[in-house]
Amino acid sequence: MKETIHIYHTNDLHSHFEHWPRIRDFLLQRKAVHRERGETCYLFDIGDHMDRSHPYTDATRGKGNVLMLNEVGYDAVTIGNNEGITLSPGELSALYEEADFPVVLANLFTQEGKQPGWTVPEVYLTTKSGIRIGLIAATADFSTSYERLGWKVAGPRSALEAAAPRVTRQSDILICLSHMGSSEDDRLAEQTDGLIDVIIGGHTHHLYPAGREVGDTLVAAAGKWGHYVGEISLTFDHAKSKVVGATARVHDTETLPIPEDDKSFDRLLRQKAAELLSETVFLNPVELRGGWEGPTPLSGLFAEALLSHTGADCAMFNSGIFLGGLREGNVSGLDLHRLLPHPINPCVITLTGKELEEAYELSQNPEWPGIRLKGLGFRGEKMGAMIHHGISRGENGKLLVAGTAAEPDRVYRLATLDLFTYGFFFPAFKQARKEYFMPEFIRDVLAGYAILKFGAPPS
């Protein structure tokens, strides 16, 4: 006897809730159809469902996302870096308190090396006909960030390679939920030599409209932001006790039926967020306008905040982080989120005077301000002009740090944004010594400094 198992999957929604009503209704409808037919159906999310650039996710610290997954009836999820490193340890531990599904994760541990209580290393699902499905999962290795937050993270692929033989011995089908990225998924399939029947991927936002076969493993992925929902069909032969057929496809959410709340869903979430973030954080004595072209009073205030928070010698960041300005008077949590929605942390990079001068010169690239920057935590549009604070050229052409000529061999501490530490703009930063400030975002840094400078609102 042969039996078909139906799997639906999402990944990297990044709180693009404008697509969620169609995804929700589509999945609920498909579950109902399979239930009526007596067929097995499972739903999985592969991480980065949340993104604190959305005010509702920020206000609820992702718990609103979990309630959405509950409503649809997901069977298991794993986490992405947006769950893992944009929340404090306490917030992450509390994120899934109301979850109706297990969080499968093989490579994240406490400082003591124990599995966090909100995760399980593997999950076993059993169909009505007795087919036993093993689930393993891992998230991308942002080891420096996790360690700064107080977690330990192991190499995801090595963790999965170790888990696969053990779990497959206890399963008829082995499925991996991978928030590692496409190249690591391929390597995992190759190294495990057919032990894993299906790898469902995410993190690098890759889309496989019909899946990919890597050896005897089907690799599937559904892009990003809820543009697609993935579907996998597995044909299991009971006589042979194995999968004899596997296909994958994706459903374009633009083609799915339009629910009544298609347009209002996201708007209502933003209204709820406005209520939750309405409390005044500080009183701003004067309007602070933003701008992408160069330094402004707003960028000056943020630079002061960055240096005060980090104790660095100088600062450098892009003006494109400011999505507007701050009005005079009460500044709320929502105002700060609108201004700086990015899940970006401050960072201090240790450089010699020579390296600092090279970075300063590189930052003068006339093409950078107009770059349409995507990813790396940036949730704006253009890069904008680079802002320098405490670092400049003197009349004699020498580099000045805090008004004093920089010494080539002296060590300096440059405050910047973590998005610049990955080597895309400043290659030398990737190998340099870095100190990340977490879990605070740059909007938290600005708020904290403004409270000190202008005073907290009356209680």
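Going by the structure above, here's the rest.
What counts and how
- Residues numbered from 1 in each chain as written.
- Predicted model: local features only at pLDDT ≥ 70, side-chain atom pairs only at ≥ 80, totals over all residues.
- Heavy atoms only, no water.
- Helix = DSSP H or I, 4+ residues; strand = E, 2+ residues; numbered from the N terminus.
- Buried < 20%, exposed > 50% of the residue type's maximum accessible area, 1.4 Å probe, protein only.
- Contact = heavy atoms within 4.5 Å.
- Arc of directions from axis to C-beta.
- Phe/Tyr/Trp six-rings, centres within 6.5 Å; stacked < 30°, edge-to-face > 60°.
- Axes fitted to C-alpha atoms, helices over the stretch in contact; angles between N-to-C directions.
- Parallel < 35°, antiparallel > 145°, perpendicular 65-115°, else oblique.
- Nonpolar A, V, L, I, M, F, W, Y, C, P; charged D, E, K, R; others polar.
- Salt bridge = Lys/Arg side-chain N within 4 Å of Asp/Glu carboxyl O.
- Left-handed = near helix turned anticlockwise from the far one by under 90°.
- Pairing = 2+ DSSP bridges.

Asker: Before we move on, could you go through the side chain of His49 and cite the residues and values that matter?
Answerer: Structurally, His49 is set in the loop between β2 (40-45) and α2 (55-60). Looking at His49, the relative accessible area reads 2%, which means it is buried. Among residues more than four places away in sequence, those in contact with His49 are Leu13, His14, Ser15, Phe17, Trp20, Asn65, Leu69 and Glu83.

Asker: Summarise helix α8 (residues 182-192); cite the residues concerned and give the values.
Answerer: Listing the buried residues of α8 in full gives Asp185, Asp186, Leu188, Ala189 and Thr192. Viewed along the axis of α8, the buried residues span an arc of 160°, placing them on a single side of the element. α8 presents Glu190 and Gln191 as exposed residues on the side facing more than 90 degrees away from its buried surface. Elements in contact with the buried residues of α8: α7 (156-168), β8 (173-179), β9 (198-201), β10 (212-214) and β11 (217-221). Of the residues flanking the end of α8, it is Asp193, one or two places downstream, whose phi is positive at about 50°.

Asker: Please provide a residue-by-residue account of the packing of aromatic side chains, values included.
Answerer: Under the definition given, this model contains 15 aromatic pairs. Considering the side-chain rings of Tyr96 and Phe101, the 6.3 Å spacing of their centres and the 75° angle between planes classify their relative orientation as edge-to-face. Ring centres of Trp118 and Trp151 lie 6.0 Å apart, and the angle between their planes is 80°; this geometry places the pair in the edge-to-face category. Of this pair, Trp118 sits in the loop between β4 (108-109) and β5 (122-126) while Trp151 sits in the loop between α6 (143-149) and β7 (152-153); the two residues are 33 residues apart in sequence, bridging distant segments of the chain.

Asker: Please provide a residue-by-residue account of the packing of helix α1 (residues 20-37) against helix α3 (residues 63-72), values included.
Answerer: At a closest axis distance of 9 Å, the pairing of α1 and α3 adopts a crossing angle of 30°. One element, α1, and the other, α3, form an angle in the roughly parallel class. Contacts from Trp20, Arg24, Leu27, Leu28 and Lys31 of α1 reach α3 at Met68, Leu69, Glu71 and Val72. Residue classes in the contact of α1 with α3 are distributed as 6 nonpolar, no polar and 3 charged.

Asker: Please give an account of the pattern of salt bridges that cites residues and values.
Answerer: Tallied over the full model, the rule gives 24 salt bridges. With a shortest N-O distance of 2.6 Å, Glu361 and Arg393 are connected by a salt bridge. With Glu361 in helix α12 (residues 353-362) and Arg393 in strand β19 (residues 391-393), this residue pair connects regions lying 32 residues apart in the sequence. Residue classification places Glu361 among the partly exposed residues on the basis of a relative accessible area of 42%. Beyond isolated ion pairs, a larger network of salt bridges with shared partners links Arg52, Asp58, Arg61, Glu91 and Arg443.

Asker: Can you explain the packing of α7 against α8? Please cite residues and give values.
Answerer: It is at 10 Å that the axes of α7 and α8 come closest, and there the two elements cross at 30°. Considering the angle they form, α7 stands roughly parallel to α8. Where α7 crosses over α8, the handedness of that crossing is right-handed. Between α7, through Arg157, Leu160, Glu161 and Ala164, and α8, the contact on the second element is made entirely by Glu184, Arg187, Leu188, Gln191 and Thr192. Its residues assigned to classes, the contact of α7 with α8 comprises 3 nonpolar, 2 polar and 4 charged.

Asker: Pulling in residues and values, what's your account of the pairing of strand β13 (residues 242-252)?
Answerer: Along any regular strand, the residues point their side chains to alternate faces of the sheet. Pairing geometry for strand β12 (residues 228-237) and β13, over 10 bridges, is antiparallel. In the sheet register, Ser233 faces β13, and the bridge partner there is Thr247. Here β12 folds back onto β13, and the loop between the two strands holds 4 residues, one of which, Ser241, carries a positive phi near 55°.

Asker: Which residues make up the sheet that holds strand β22 (residues 411-417), and what values go with them?
Answerer: Strands pair in a sheet through their backbones, by hydrogen bonds, and they do so in one of two ways: parallel or antiparallel. The sheet built from 5 strands is open, its strands ordered β18-β15-β22-β17-β23 with mixed pairing. With partners counted over all chains shown, the strands left at the sheet margins are β18 (386-389) and β23 (433-436), one partner each. Within the sheet, the average angular offset between the axes of one strand and its neighbour, ignoring direction, is 25°. With 2 bridges connecting them, strand β15 (residues 314-318) and β22 associate as parallel partners. Each bridged residue has a counterpart across the sheet, and for Ala315 the counterpart in β22 is Ala415. Strands in contact with helix α10 (residues 297-310) are β15, β17 (346-352), β18 and β22; relative to β15, the strand with the most contacts, it is inclined by about 130°.

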